[in-house]
Protein chains: 2
Amino acid sequence: MSINNRFCSLWPAVTAAWLLAMAPAALAASDPLPSWSDGPARARIVEFVEAVTDPLGKAYVPPADRVAVFDNDGTLWSEQPLYFQAVFALDMARDMAKSAPASVPSPLLAAAAKGDQKALAELVMLTHANTTSDEFAERVRQWTRTARHPTLHRPYTELIYLPMRELLDYLAANGFSTWIVSGGGVEFMRTFSQEIYGIPPERVIGSSIKTRYEMRDGKPVIVRLPELEFLDDKEGKPVGIHKQIGKRPIAAFGNSDGDFQMLEWTTAGSGARLGMIVHHDDAEREFAYDRGSHIGKLERGLDEAGARGWTVISMKDAWKQVYAPAR
Amino acid sequence: MSINNRFCSLWPAVTAAWLLAMAPAALAASDPLPSWSDGPARARIVEFVEAVTDPLGKAYVPPADRVAVFDNDGTLWSEQPLYFQAVFALDMARDMAKSAPASVPSPLLAAAAKGDQKALAELVMLTHANTTSDEFAERVRQWTRTARHPTLHRPYTELIYLPMRELLDYLAANGFSTWIVSGGGVEFMRTFSQEIYGIPPERVIGSSIKTRYEMRDGKPVIVRLPELEFLDDKEGKPVGIHKQIGKRPIAAFGNSDGDFQMLEWTTAGSGARLGMIVHHDDAEREFAYDRGSHIGKLERGLDEAGARGWTVISMKDAWKQVYAPAR
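Residues numbered from 1 in each chain as written. Chains lettered and ligands numbered in written order. Predicted model: local features only at pLDDT ≥ 70, side-chain atom pairs only at ≥ 80, totals over all residues. Heavy atoms only, no water.

Before going further, it helps to spend a moment on the overall build of chain A. Within chain A, the regular secondary structure consists of 14 helices and seven strands. Counting all 327 residues of chain A, 53% fall into the buried class. Summed over its atoms, the accessible surface of chain A is roughly 14,800 Å², and 57% of this surface lies on carbon and sulfur atoms. Averaged over its 36 positive side-chain charges, chain A has a centre that lies 3 Å from the centre of its 41 negative ones. (Helix = DSSP H or I, 4+ residues; strand = E, 2+ residues; numbered from the N terminus. Buried < 20%, exposed > 50% of the residue type's maximum accessible area, 1.4 Å probe, protein only. Areas by Shrake-Rupley, 256 points an atom, 1.4 Å probe, with all protein chains shown as cover. Lys, Arg positive; Asp, Glu negative; His and termini not counted. Charge placed at Lys NZ, Arg CZ, Asp CG, Glu CD.)

Here it is in structure tokens:
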């Protein structure tokens, strides 16, 4: 065997060592959060992730416990002037009213169209029940393909916040499991969570209506009933997290007081914890709202963030870009 | 550059190709199911797994959809003469009766001790509620460490079926996500699922009682309330699966008629499907029971397995070993 051949025989080991050595460097070389400005929000995220993933650090958390939870409406995508699921319910109700006028009382429809929250909740129930789960999912998928935001004139699925999508990917690349924990309907969100966020259905927690297993034409189906089962909002969020994950998250991201208890529950645990609030202060690129808003009201969160060690993300300052460029 | 050097420069690619080519061979070399006898049950499992993982085959299923669900009591571990959680409830109730006799009516305790199912369910409620989730989990963990099976004289956690544990690992190695779907209490099972089955808390679906988020001494806790929330049995199993996974499984494993609908729901989907029933016909090494049994009654499943294409696993014939050797 020549020297060259002998050297060649070492290649597999050399290659393996090289691949292992290069992997972290390659990741570090390209910025994982390109849409985030240098500033306190970005710094806090990176500092936290580096601390919990450093196997020699005292804040180290094994991958199985790296659970990060995200509110959806207003945290991962836009919720103004009306959250996506309400727009869907209004559209469905208008369709129902056309084909069977008696099925949707017009005062209810009118109130909902003006943004009355109670009327909207009733419409959601009316339009989301009495179908099988498969039929419902198909209806949402079809509608999602054509629906456009009224003022931004883009598909809703393009109105996800690019910096938050980068954050989801950055956490996943660092061994986190990322979860959606939203007041929105769980079966509604599961139709698009994988495609737009890379989050599979089993990691979506949301509000739900009751369902029943039954046989129809000799085939088993799951039927959606017009009765609320679980409201995944405020105190409901830690309950939903405990019910479905069975572990306390170490990082939580929200934008409204509906997320307060989720952040409270998450950051009350021992060890390194991250609580962050997306603050909508960017009227130019998105919307500006907090204390007075009907949708996404943020008051207690703003008042207590400092004392609780939560970081407020100013959209205006922290994000170089809000949305990805239109396709 | 010499010819040898040029050849060397190809090594990384060659190595990568070699690693890819060798990986399946290396897996095949060591039998992943050593406790399974050659026979129809084992053959059916291997044939199914090879079919859905063959990227060129027409039964191919991408990893994200390789969902396999398992009943727990009687399917993954022994449930006779009394399932583990009932033994726990009895022990807890006896403790409660000692320290506060009024808290547990003695006729209830006596009936439960005789195996009365309704009395046992009442005892479970009585002993599982009015604690925080953290306190409850700690109580289960402590008890599990010392509890012994009355006739087999081993810790319950050693009474898992070795062939089923091999099956869980074999499926995981083939890109499946494995889930427990049990009538047992979800918070009860989550205390040991990772350790004994390698299944993390978030992949355990079970029955639950209501919980409430509240502040105690300035700290948030989740409190367990004495009210049933969800019964994960019979028709409840597909409902629980849909609620928590949001996908229809492609493989389901049970042992009693409480698992019938789970197998029905799983195998009614399109494409390759696997439904299997563990049949307790081994009085010598474990227990023999089916049609007449109070616990784990199996009647409809046995009657219809053939017509539905489900495979009955005869413990006596299919398993070389039932339990791992005592530690």
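And the narrative resumes.
All right, on to the sheet that holds strand β6 (residues 274–279) of chain A then. Residue and element names in this part refer to chain A. Taken in spatial order, the seven strands of this open sheet run β4-β3-β2-β1-β5-β6-β7, and their pairing is mixed. Edge positions in the sheet fall to β4 (219–230) and β7 (311–314), since each has one partner strand and no second. Between one strand axis and the next, the sheet turns by 35° as a mean value, whatever way the strands run. Judged from the eight bridges that link them, strand β3 (residues 204–216) and β4 form a sheet pairing that is antiparallel. Counterpart to Arg-216 in the pairing with β4 is Lys-219. (Pairing = 2+ DSSP bridges. Axes fitted to C-alpha atoms, helices over the stretch in contact; angles between N-to-C directions.)

The next subject is the confidence of the model for chain A. Residue and element names in this part refer to chain A. When pLDDT is averaged along chain A, the result is 91; 91% of the residues meet or exceed 70. Across chain A, the element-wise mean pLDDT spans from 43 in helix α1 (residues 3–9) up to 99 in strand β5 (residues 251–254). Taken together, the stretch residues 1–15 has pLDDT below 50 and engages in 19 contacts with residues farther than four places along the chain or on a different chain. Across residues 17–22, where pLDDT falls below 50, the model places zero contacts with residues more than four positions away in sequence or in other chains. The complex prediction reports pTM at 0.90, with the ipTM value standing at 0.89. (pLDDT = per-residue confidence, 0-100. Contact = heavy atoms within 4.5 Å.)

This paragraph deals with the environment of Leu-225 of chain B. Residues and elements named next belong to chain B. Inspection of the secondary structure puts Leu-225 in strand β4 (residues 219–230). C-alpha separation for the pair Leu-225 and Gln-244, spaced 19 residues apart in sequence, amounts to 21 Å. With residues near it in sequence (within four places) discarded, Leu-225 still touches Ala-129, Ile-209, Lys-210, Thr-211 and Arg-212.

What follows concerns the pairing of strand β1 (residues 67–70) of chain A. The side chains of a regular strand alternate between both faces of the sheet. All names here are of chain A. A two-sided burial pattern is seen for β1, the buried positions comprising Val-67 and Val-69 on one face and Ala-68 and Phe-70 on the other. As judged from the four bridges shared by β1 and strand β2 (residues 177–185), these two strands associate in the parallel manner. From the neighbouring strand, Val-67 faces β2, where its bridge partner is Ser-177. Looking at chain direction, β1 and β5 are connected through three bridges and run parallel. Its bridge partner lying in β5, Ala-68 is registered against Ala-251.

Moving on: the pattern of salt bridges. It is possible for side chains bearing opposite charge to pair when their charged atoms get close. All names here are of chain B. In the structure shown here, the tally under the stated rule is 44 salt bridges over all chains. Across the pair Arg-224 and Glu-187 runs a salt bridge, and its minimum N-O distance is 2.7 Å. With a gap of 37 residues between them, Arg-224 in strand β4 and Glu-187 in helix α9 (residues 186–189) connect regions that are remote in the sequence. Each member of the pair, Arg-224 as well as Glu-187, is classed as buried. (Salt bridge = Lys/Arg side-chain N within 4 Å of Asp/Glu carboxyl O.)

This brings us to unusual backbone geometry. Note: most peptide bonds trans; most residues except glycine with negative phi. Residues and elements named next belong to chain A. A cis amide bond, omega -5°, links Gln-80 with the succeeding residue Pro-81. Relative to the helices and strands, Pro-81 is located in the loop between β1 and α4 (84–99). Phi at Asp-217 is positive, roughly 50°, even though this residue is not glycine. You can see Asp-217 is positioned in the loop between β3 and β4.

With that settled, the discussion passes to the side chain of Thr-131 of chain A. Looking at the secondary structure, you find Thr-131 of chain A in the loop between α6 (117–128) and α7 (133–146). Residue classification places Thr-131 of chain A among the buried positions, given a relative accessible area of 4%.

In the structure shown here, the tally under the stated rule is 38 aromatic pairs over all chains. Grouping aromatic residues by their ring pairs yields a cluster made of Trp-77, Phe-84, Phe-88, Phe-136, Trp-143, Tyr-156, Phe-188, Phe-192 and Tyr-197 of chain A. (Phe/Tyr/Trp six-rings, centres within 6.5 Å; stacked < 30°, edge-to-face > 60°.)

All names here are of chain B. Taking burial as the measure, the eight residues of strand β6 (residues 274–281) include eight buried ones, the bulk of the element. Side-chain alternation along β6 places Leu-274, Met-276, Val-278 and His-280 on one buried face and Gly-275, Ile-277, His-279 and Asp-281 on a second face that is also buried. Examined bridge by bridge, strand β5 (residues 251–254) and β6 share four bridges and lie parallel to one another. Across the sheet, residue Phe-253 finds its bridge partner in β6, namely Met-276. Where the polypeptide runs from β5 across helix α12 (residues 260–267) and back to β6, its parallel neighbour, the crossover connection is right-handed. Where β6 lies against strand β8 (residues 311–314), four bridges are found, and the strand directions are parallel. Residue pairing in the sheet places Val-278 in a bridge with Ile-313 of β8. For β6 and strand β7 (residues 288–289), the ladder comprises two bridges, and the chain directions are antiparallel. Paired with Asp-281 across the strands is Ala-288, a residue of β7. Counted along the chain from β6 to the antiparallel partner β7, the turn is six residues long. (Right-handed = clockwise from strand over helix to strand, strands pointing away.)

Moving on to the environment of Met-262 of chain B. Residues and elements named next belong to chain B. Within the secondary structure, Met-262 sits in helix α12. Measuring from C-alpha to C-alpha, the distance between Met-262 and Gly-246 comes to 14 Å, with 16 residues separating the pair along the chain. The contacts of Met-262, once residues within four sequence positions are left out, are Val-69, Phe-70, Asp-71, Val-181, Lys-237, Pro-238, Ile-241, Ala-252 and Phe-253.

A few words now on α4 of chain A. Residues and elements named next belong to chain A. If you check α4, its first and last C-alpha atoms are 23 Å apart, about what 16 residues at 1.5 Å a residue would give, namely 22 Å. Where α4 is concerned, the buried positions are Phe-84, Gln-85, Ala-86, Val-87, Phe-88, Ala-89, Leu-90, Met-92 and Ala-93. Looking at the packing, one finds that the buried side of α4 touches α5 (106–113), α6, α7, β2 and α9 (186–189). (Expected span 1.5 Å × (residues − 1).)

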